[in-house]
Amino acid sequence: MKTTDMQDERSRLAQALAEAVAEALREDLAQQSRALLVVSGGSTPVPFFAALASRELDWSRVDVTLADERWVAPDHQDSNERLVRENLLVGPAAAARFHALTTTADSPEAGVADISERIAALSWPASVVIFGMGGDGHTASLFPDSPQLEEGLTTEAVALAAHSPSVSQGRISLSRHRLIQARRHFLHIAGDDKRAMFARAFGGDDARELPIRAFLGEAIALYWAP
């Protein structure tokens, strides 16, 4: 596929996902005072963020948080918060209320209690949780080689500090228990390699090998483009 054709496919996917998420938020806001949107970082959701930011809805009643975050300053180039603020919380969506997964503490272990309290106070169940997926089958910061993977898959805590030999920064991740507390789940991925990984994950049930499997038993809508 030509690069321009691939970009067009991903742009159409972003628009379709944005409309589905916007409609979900509108539906829930018609029934309750606030709605919660949980998003993931990385490069894949950037076009989706831009598309969603332009949708008309009562953004002042929408809370936005992350599935996971690197333990870096909010203006750091690797910060998911920065990604969301620069690409989603703009235009009409600037009225939404963002809830960070970092504090001024020195480590994720030192900050996780405050973050858990902050996130638990939001409007659960979330209206939408949007998952990403890495080439190793991880989602959020639930990595297959993480010493905290078992905790992330089994704890009933809201969030946990997470580390992995394959990544440089410590992280905060919402737990599986918390991430499944949503009315709608979407998996947003792009590229043939991600499609192959999804097929492999879907064909097995060992979440400790491929953590995304821990969420495939839920009703989850797949949004994929080449």
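Described below are features of the structure shown in this document. (Residues numbered from 1 in each chain as written. Predicted model: local features only at pLDDT ≥ 70, side-chain atom pairs only at ≥ 80, totals over all residues. Heavy atoms only, no water.)

**Let's talk about the packing of aromatic side chains**
Test applied: Each aromatic pair joins two rings of Phe, Tyr and Trp (for Trp, the six-membered one) with centres within 6.5 Å, and gets the label stacked for planes under 30 degrees apart, edge-to-face for over 60, and tilted for any other angle. Definition used: whenever NZ (Lys) or CZ (Arg) falls within 6 Å of the ring centre and also within 35 degrees of the ring normal, the charge is taken to sit over that ring.
In this structure the tally under the stated criterion is four aromatic pairs. The ring of W124 has R178 lying over it, and the distance from NZ or CZ to the ring centre is 4.9 Å.

**Details of the sheet that holds strand β1 (residues 35-39)**
Short version of the rule: Strands pair, by our definition, only if DSSP identifies at least two bridges between them. Here a strand is any run of E in DSSP of at least two residues, a helix any run of H or I of at least four, and the numbering for each starts at the N terminus. Only heavy atoms matter for contacts: two residues are in contact if any of them lie within 4.5 Å across the pair. Interaxial angles span 0 to 180 degrees and are taken between N-to-C directions of axes, which are lines fitted to C-alpha atoms, for helices over the stretch in contact.
One open sheet holds the six strands; their spatial order is β4-β2-β1-β5-β8-β9, and the pairing between them is parallel. Two strands close off the open sheet at either side, each with one partner strand: β4 (97-98) and β9 (220-225). Alignment of β1 against strand β2 (residues 62-66), held across five bridges, turns out to be parallel. Note on β2: the bridge partner recorded for A35 is V62. Contacting β1, β2 and β4, helix α3 (residues 80-87) runs over the sheet at an angle of about 145 degrees to β2.

**A closer look at the side chain of D68**
Just so we agree on the cut-off: In protein, a polar contact requires one atom able to donate a hydrogen and another able to accept it; more generally it is a pair of N or O atoms within 3.5 Å, and residues adjacent in sequence count only if both atoms are side-chain atoms.
Within the secondary structure layout, D68 lies in strand β3 (residues 68-70). A polar atom in the side chain of D68 sits 2.6 Å from the side chain of S141. Beyond its immediate sequence surroundings of up to four residues, D68 is in contact with N80, L101, A140, S141, R171, I172 and S173.

**Here's the deal with the packing of helix α2 (residues 46-53) against α3**
What counts is decided by this rule: Comment on the angle field: the value is read as roughly parallel under 35 degrees, roughly antiparallel over 145, roughly perpendicular from 65 to 115, and oblique elsewhere. Three classes are used, and their members are as follows: Ala, Val, Leu, Ile, Met, Phe, Trp, Tyr, Cys and Pro are nonpolar, Asp, Glu, Lys and Arg are charged, and the others, Gly among them, are polar.
Closest axis-to-axis distance for the α2/α3 pair is 9 Å, and the angle between their directions is 40 degrees. Between α2 and α3, the interaxial angle falls into the category oblique. Two secondary-structure elements touch here, α2 through V46, F49, A50 and A53 and α3 through L83, V84 and N87. Taken together, the residues of the contact of α2 with α3 sort by class into six nonpolar, one polar and no charged.

**Points about α3**
For clarity, the cut-off: Remark: exposure states derive from per-residue accessible area (1.4 Å probe, protein chains only) relative to the maximum for the residue type, with buried under 20%, exposed over 50%, and partly exposed in between. Directions from the helix axis toward the C-beta atoms define the arc.
Within the span of α3, buried status applies to N80, E81, L83 and V84. Along the axis of α3, the buried positions cluster into a sector of 160 degrees, meaning they face one direction only. Elements that come into contact with the buried residues of α3 comprise β1, α2, β2, β3 and β4. Of the residues that open α3, the one with a side-chain oxygen 3.2 Å from the backbone nitrogen of E81 is S79.

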